Every structure is written in C-alpha cells, then in structure tokens.
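Examining the three-dimensional arrangement
Next come the chains, spelled out residue by residue.
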Amino acid sequence: MGEKFDTGVENTWCPGCGNFGILNAVKKALEATGKEKHEIVLVSGIGQAAKLPHYVDVNVFNGLHGRALPAAAAIKMANPSLTVVVTSGDGDIYGEGGNHFLHNIRRNVDIALFVHDNQVYGLTKGQASPTSNVGWPGSLQRAGVISEPFPPLAVAMALGCGFVARGFAGDPDFTADLMLQAIRFPGFAFVDILQPCVTFNKKNTYSWYGKMAYKLPPDHDVTNRGKAFELALEWEERIPLGVLYRKERPTFGEMHPQIPGPPLSDRDTPEETVRGLLRRRLTAAG
Amino acid sequence: MEIDVNVRVAGGAGQGVHTVSNLLARMAVAAGYHFHVTQDYMSQIRGGRNSQSVRIGSDPVRAGRVEADILLAINPDHLPHVFPAVAPGGFALADIPSAEPPLFAAPLKEMAVRAGSPILANVAGVGAVAHALGIPPETADAVFAADFRGDFFDKNRTALRLGAEWAKDHLSKEVVERFRLPVRSSAPRIILSGNEALALGAIAGGCKFAAGYPMTPGTGILSVLANDGPMVGLVFEQAEDEIAAITMAIGAAYAGARSLVATSGGGFALMVEALSLAGMMEMPVVIALAMRPGPATGMPTRTEQGDLEFVLSAGHGEFPRLVLAPGSPEEAFDLAQHAMDLAEEFQVPALLLTDQYLADTVVDVDPDAFSVRPVRRHIVRGDSVPRTGDGRYLRYATTGNGVSPMAVPGEPGITVVADSDEHTEDGHITEDHATRIRMVEKRLRKGAMLAGRTLPPLFAGPPKGDLLLIGFGSTKDVIEEARQILAREGRYAAAVHLRQVWPFPGEELAGIVPRYKTALTVENNATGQLARLIRRECGVRVDGTISRYDGLPFTPEGVASEARRRVWEKNSIPG
Ligand SMILES: Cc1ncc(C[n+]2csc(CCOP(=O)(O)OP(=O)(O)O)c2C)c(N)n1
Ligand SMILES: [Mg+2]
C-alpha cells in the first residue's frame, strides 16, 4: 500500500528524516480512503514538513508559512466533496499560524490536520519552535529555551476539538491508521506527530521518543474528556500515542446555511436575482 | 441646480442622527427630489459629536456642502459647535427653552413623549424640517410602513405630525417660504451607499466567497455580502484576522470560487504577504480597501486617500495587479463587477480602492443606471482542460500572453498543483534559474496584457486652457461640481477622473496634462501621492496639489476656492 500516489518529484529531505515515515503514513492513509487523486487536496505552509504535498500525486496548495489552515478551511467550504488534509510543521501551525490553529478548531470545518512536530525549525536551520523543551539549545537561543513549551493536544482539548490524536514518525503503520481515522472523522481532526529531526535536534531523537512514548491501551475511553485532557498534558515523564479523544459535533459545513449545495465554482448569478437585491433598496415614489 | 437645500442633523451617537437623515432623504425622493448624505461621525458607540448632511436638490446631488441651510440639533449641547455653519438666511432647530431667530426653540422631547415614546424626539424634528421644506407628513407614511409595524408605526407617524404642527405655528413665514420645495412628480429610486454599491457589484460580478475581519469603514461591504450574498449562494465567513480572511479567499479561489475580502488600511497591511501569494500562485482575488486616515489606527471614522502609493507597491516581489478607484456608488457597482471579471481572466489580485467618504456616502440612483453584465467564467473544465502527452495538467503552463488555463481541483484525471515557491510549469518547487526567468516573464506578460485593458480616465471640460484638475476615486463628483462652479464664474477648468490607477493610464494622461497652463491634483492626503505617480509614470509636469488631510472630505466650494486662489487671483503662485 502507498504507491498509488507516488510522484517523480525529487525529494530534498535529509536522509533519515522523520518526514519519510510521515510521508509513507500519509500515502497509506490516502490510499486507504479509496479516493482518487483528483478528489484529494493536500495543503501546507512553508518548512521542511510543508514540502510533503509535493511528494504525493494529488491536488496541492502549498501556500505561505503559517497560513495553511485558513486556505484549507476555505477550499473545503468552496467544495465540500474534496478531501482536504493539512500537513505542515510545528513552527508553521503552532508558531506563525497559531491564531489559525485556535480558530479553526473552533470552526470545525471537516478537514484533517497533521503536524510534523520535530520541536525545531528545520528549514531555517535549528531555531527553537513553540514545542521545544525548556533548556533546549536552539541556534538563536544562546541560554537555551526559556519559554514553556506549547502543549498542542491540551490546547486542542481545551478548545473542544472533536478528534485529538498523537502519532510517531518512527511507526508509520500506526500513524497511518490514526491519519485514516482523522480523515474519516466528520469535523476538524488533529494529529500531532512526533518527528525526529536528525540534523538539528540531537535531543529528541528516535531513541528518545522510543523511550518516552507509549501507546494508549485498547480500553482507553476516547469519549472521556477529563481523562483525555489529563493525557494531553502528559509530556515530562512519558508521552501517550493514539487517539486521546473523539467526539462528533455538527460541522461548519452542516451549520453554515450557504455551504450545502453545489460547489461554489458551479453556482451561477442570475441577473434577475441581482436586480432583486438592488430593488430591496428601492424607495417608492410619493 | 435650481433647488439646493442642505440639511444638517447633529447629535450624539445613539441619538438617531442616522434615522433622521435616512427618513429625510427618503421623503425627499418621494417628493420628487434627489439627495446626497455625507456622514461625519466619531469613533464612539454613545455620545460624541456626529452629524449627517442631507443635501437635497432638483438634480441628482453628488457632493456635500459645508454650510447648512437648515440645522437640526438633536443634542442642544452641540449648538456652539454646529450653529456657526448655518448659512445666511438659514435657520436652526434645537430643544432649548427659548431662542431668537434664526434659532428656534422646538420642544422635541415633549412632542416625543406626547407621541408615546421619548426616543422619537428626532422624528418630531424631521416633522418640523419637512414642514419647512413643504413635504407633507403623509409622504413619510410609506417610509414608516416599510420599517415599522403596529404600535411603533403609529407613534412615529404621530411624532412626525406633532413636529410638523409645531413648525406651522412657530416657524416664521419667510423661513417656510424660502425653503419650500415646489411640487414635482417623482420616480422610484434606489438608495444606497458606496459600500453597498461596491458589495452588490461584487455579487453581480459572480462573487461566491467572501471573508473579512471588521474594520471601519470597510465593514459595510461585509454586511452586504453576509446579508444579501445568500441570495446568490455566496458563502461569507468572519475570519479570525485579516491574514486568515485573504488566505481563505485565495483558498476558495483555488477551488474555483470568485472571492473577495474587504478591509481598511490597517487590515490591508496584514494582508500584504498574501497579496504577494496571490501574485505568485496566480490566484484571482478581489480586495476592497476603504481608506481612512493613518498612520496606524489614525482616525477610524474619517476619510483620507493616503494609501495610494501603499497599494501600488504592497507585496514583496514583482507581480501584476489591478487597482481600480471608483468615484461614485454607480461606478463602485460597475468597477466591482469589472474587478471580479478581470481578476479571474488574468489570475491576478485586484484592488478596489475607496475611502470613508465614498463608503458612507448615500445617494439616490436611477434603477436603470446599474448595468448587470452576465458573469463569464474563465476557468477550464472537462475537455477544455489542456493536458500533456502523458495526461498531466500544467497549472503554470507557458503561454504567449502569460495566462495559463486555470483548472480547479476535483477535475477527474488531473491534479492542480499551486505553489508559493517559485515553481515549474506543473507547480512544483524549483530553484532552477532558467525556469525562474521563464516564470517571472510569464507573470509580467500578464501585466502587459492587463495594461492593454486599462480603463481610460474620464475627462470633462475644455480641451485646453488655464487649469486641469486631476483626481482619483471618491473626489470625482466633488471636482466636477467645483468645475461647474468655476465655469459659472467664467473660469474654465477641465477635470480628469482616474477610475483605474494601476496599470496606470499614462499615455492618455500624458496627452492631456500638457494642454493646460496649470495642472493640479486634488487629493485627500498631505503629500500629493497622485501627483508623484503622474510625474513618475508620464514624465509630465504637475504643478501642485490641492490637498486636504484633516480627516474630512473635500467640498466643491473648497476645491473651487483653492483653484481660484492659485490660478486666477492676482499674483497667484501655483503649487
Ligand atoms: C513569513 C515568514 N517568516 C519566516 C519564514 C522562514 N521560515 C520558513 S520555514 C520556517 C520554520 C519552519 O519550521 P517548521 O514549521 O517547524 O517546519 P520544519 O522545517 O521544522 O519541518 C521559517 C521560520 C517564512 N518563510 N515566512
Ligand atoms: Mg519543525
């Protein structure tokens, strides 16, 4: 599985990069949806992670650093029949695009978000990211990181995100399964993916994540919000993997009165309707 | 103009100034007259000093006047501030214990209480003003019927009649005779603001997606899109910030929806990176920018044309753009359709540059003045999607005019790859320098094509002479009326209105400007940005700028007197 969407585009990631595991997982999950390439849109910002869409043979919107989510949300609003997936970096989504992360969870458009969380700015060569741990030696953090790390899963839980999960680039099959669940979930679905950066992050390595991460037991109750919140905060001692929380609520597309119907590209503008809008502003003769 | 009466209504925010001007304006139309409402309001929800001027005329009215023939001071505390603007021969009404003409003490509150609601003091005031204008109270009934039901309808009618009766007993004969509007036949008119006209034009132009973050004076555009847009299946969403708004519009455009955002200067500043994205990705998106005085938060509710140079150069890198500057509500309707269409045809960002003055100006328009053109889509579908030998679609295919056929995602058998990095024809990241050159030149060829479609400036007046006045956007009709004032004095000036400022109509202008002894731009800014642009683009001499930067719009008399002083008065120094 996973070859359906192969492309011949030259890959520019470092050998051993965690992105390869994520790419495999994305391709597997997309193939498992049974969708054709023209029905899928991969959206990203800028960064090493954000190059992923170029390596998958589907529709691609590779926009600005930090701005993947608003583009993705609007693509889905314009054409709800498309499967829209955002795949981008931790700096991109939690840093530059933090405001969009917050508000798109609230908006609950039916899209999936995969964050390649390598706790570093890879493309710009090793600066701290919002998820870097305190003390981590970033290339612009001479005394090590001082700020507390951004807790993505806890933030998502606090905002009522309906699908909250964590994957690991070192386990593509497991992560592909999470991704597939996220894509199928009706509403905003979020998967944070632990991703070793072999070049700029010598602390949070494959073996470090291997030691810290554990899979949630099969009897974990994904509907228990309080428990999921607790798990979302786990980081110092050990890091849970899997679906922490799952709860459906009406999606933006179901709630917004103008979204049901044909895609926006197919809607026409009858002259008579426009005239009618002008006539609403007609004032009668005396 | 035979009849020309300027009524100023002054009061605090929340005191119903808007209700008064709206009611008076609609009564004037029902009585067969035309009007122009300008708003002068402060950035407050309650209190402050607001006023609106309703200039009523026998011909369509397209600019304001400073002097008020009739002043209705709903809040008497504002009298010291507004009374000096009453014209000789004019009069004022205020709820004060006693007064001497031309100020009249009208017990508005008491009449409102008698009508059944103390908040209707403003409507009683309208009754008094309408009496002075000779508009019978019945004229308002149809207007009230459209707005109110039941009890409140009756109370409004009563308040208006009490005001009219009071005026009959207390206003002097001269006053009433002086302003009485002769009876005329009337025709139905469309009443709308610049903001409304622009938004409706965008809708007529096929806009199906709009997003925005509220910012005065652009918010009115969003209101129309949110409230009228559903009739044509338009999806509106309030974004978390302006960056999200424009990025959403670009995303929707990628998916094939004609899209628009509306904002003011500060919001546009946040959109600038994405403007450049639209340039690089070749996404059609229309940006409506209603200017207000800057820098920074500036004066939120006032007017200025200070962002001209900003919009022309906004966005890193080099890419084509269209910038249109409507001069009236009708032109806003027309140019918004044009922007929607050209943005898609050339796959470029298009800007509609207005300002608070035009945004909030309300006028009455002949329903037939709005031309609604059929929406012609420029995206390719099905068999018309060009494919390579191996069946691929190239989003950025090299073409003679630079415009690559635009398909949208969802088209069976192909993928649409759009990229903000420099890219190959199939949309993938490239660092190949030869490809870079080809792509730069492709984008610039679109700019050249776009320039070929430039809307020529509008010209009025003698073909040569002493003075040429040049403006862009909202100053159009103010300059035109100034030109007419001067002509009546035997001073013949010509006027040029630029409704498109980019691509710049340089050739046309270079042909016009040198035919006049003096050429002045008229600009609602301090530094003469248009004058600089003309010099740069046409290499012709511009002698100076009539500028205004106090946050208020020009008036025809103001422009005319500056022109007189600089050109026709003795020892005048142009510039
Ligand atoms: C507006 C803007 N600011 C900064 C950059 C430079 N920049 C590109 S990617 C990046 C950070 C990438 O970090 P992340 O999203 O974590 O991706 P990674 O490379 O680690 O996969 C930065 C700062 C940019 N492209 N645009
Ligand atoms: Mg990163």
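Everything below is about the structure printed above this text.
Residue indices follow the written sequence of each chain, beginning from 1 at its first position. Each chain gets a letter, beginning with A, and each ligand a number, beginning with 1, in the order they are written. Selection of residues for local features in this predicted model requires a pLDDT of at least 70, selection of side-chain atom pairs for listing and counting requires 80 or more, and totals for whole chains, interfaces and linings are taken over all residues. Based on all heavy atoms of the structure, the side-chain values leave hydrogens and waters out of the count.

**Thoughts on the site of ligand 1**
Basically, it comes down to this: The cutoff for a nearby residue is simple: one of its non-hydrogen atoms must lie within 4 Å of the molecule or strand. Definition of a polar contact: a pair of N or O atoms within 3.5 Å, with one able to donate and the other able to accept a hydrogen when the atoms are protein atoms, and with sequence-neighbouring residues admitted only if both atoms are side-chain atoms. Only the protein chains shown count as cover for residues, and the accessible areas themselves come from Shrake-Rupley with a 1.4 Å probe. Secondary structure is summarised from DSSP: a helix means a run of H or I of at least four residues, a strand means a run of E of at least two, and numbering begins at the N terminus for each. Throughout, the ten residues Ala, Val, Leu, Ile, Met, Phe, Trp, Tyr, Cys and Pro are labelled nonpolar, Asp, Glu, Lys and Arg are labelled charged, and all others, Gly among them, are labelled polar.
Close to ligand 1 lie 17 residues, the nearest being Gln48, Asp90, Asp92, Gly122 and Leu123 of chain A. Among the chains of the assembly, those with residues near ligand 1 are chains A and B. Backbone polar atom of Gln48 of chain A to an oxygen atom of ligand 1: 2.8 Å apart, as the coordinates give it. One nitrogen or oxygen atom from the main chain of Asp92 of chain A is found 2.8 Å from an oxygen atom belonging to ligand 1. Here ligand 1, which alone exposes 580 Å², has 79% of that area covered by the protein. Looking at the shell around ligand 1 element by element, the count peaks at four residues for helix H3 (residues 90–96) of chain A. Each residue belonging to the shell around ligand 1 can be placed in one class, and the counts come to five nonpolar, eight polar and four charged.

**Observations regarding the interface of chain B and chain A**
Worth spelling out the cut-off: A contact between two residues is defined here by any heavy atoms of the two lying within 4.5 Å. When two parts are brought into contact, each loses some accessible area as probed by a 1.4 Å sphere; the total of that loss over both is the buried area. Here, a salt bridge means any Lys or Arg side-chain nitrogen found within 4 Å of an Asp or Glu carboxyl oxygen. We treat two strands as partners when DSSP finds at least two bridges between them.
Opposite the 73 residues of chain B that make contact, chain A presents 52 residues. Regarding the contact of chain B and chain A, the summed buried area is about 5,100 Å², with carbon and sulfur atoms giving 63% of it. Inspection of the region where chain B meets chain A yields six salt bridges. Close ionic contact of Asp228 of chain B with Arg281 of chain A constitutes a salt bridge, the shortest N to O distance being 2.7 Å. The interface formed by chain B and chain A contains 26 residue pairs in polar contact (both at pLDDT 80 or more). When residues in the side of chain B that touches chain A are grouped by element, the largest group, eight residues, is from helix H10 (residues 242–254) of chain B. Looking at the side of chain B that touches chain A, its residues break down into 44 nonpolar, 15 polar and 14 charged. The sheet contact formed by strand S2 (residues 59–62) of chain A and strand S15 (residues 417–419) of chain B spans three bridges and is parallel. The residue bridging Val60 of chain A from the neighbouring strand is Val417 of chain B, located in S15 of chain B.

**Things to note about the sheet that holds strand S21 (residues 544–547) of chain B**
Residues and elements named next belong to chain B. Counted only if it meets this: Axis lines are fitted through C-alpha atoms, for helices just across the contact stretch, and the angle between N-to-C directions can take any value from 0 to 180 degrees.
Spatially, five strands are ordered S16-S18-S17-S20-S21 in an open sheet, and the strand pairing comes out mixed. Of all the strands in the sheet, just strand S16 (458–460) and S21 have a single pairing partner and so form its edges. The mean inter-strand angle of the sheet, taken between neighbouring strand axes irrespective of direction, is 25°. Against the sheet, helix H16 (residues 476–488) makes contact with S16, strand S17 (465–472), strand S18 (493–498) and strand S20 (516–523), and its axis sits at roughly 175° relative to S18, the strand it touches most. Set on the sheet, helix H19 (residues 556–568) makes contact with S17, S18, S20 and S21; between it and S17 the angle comes to about 140°.

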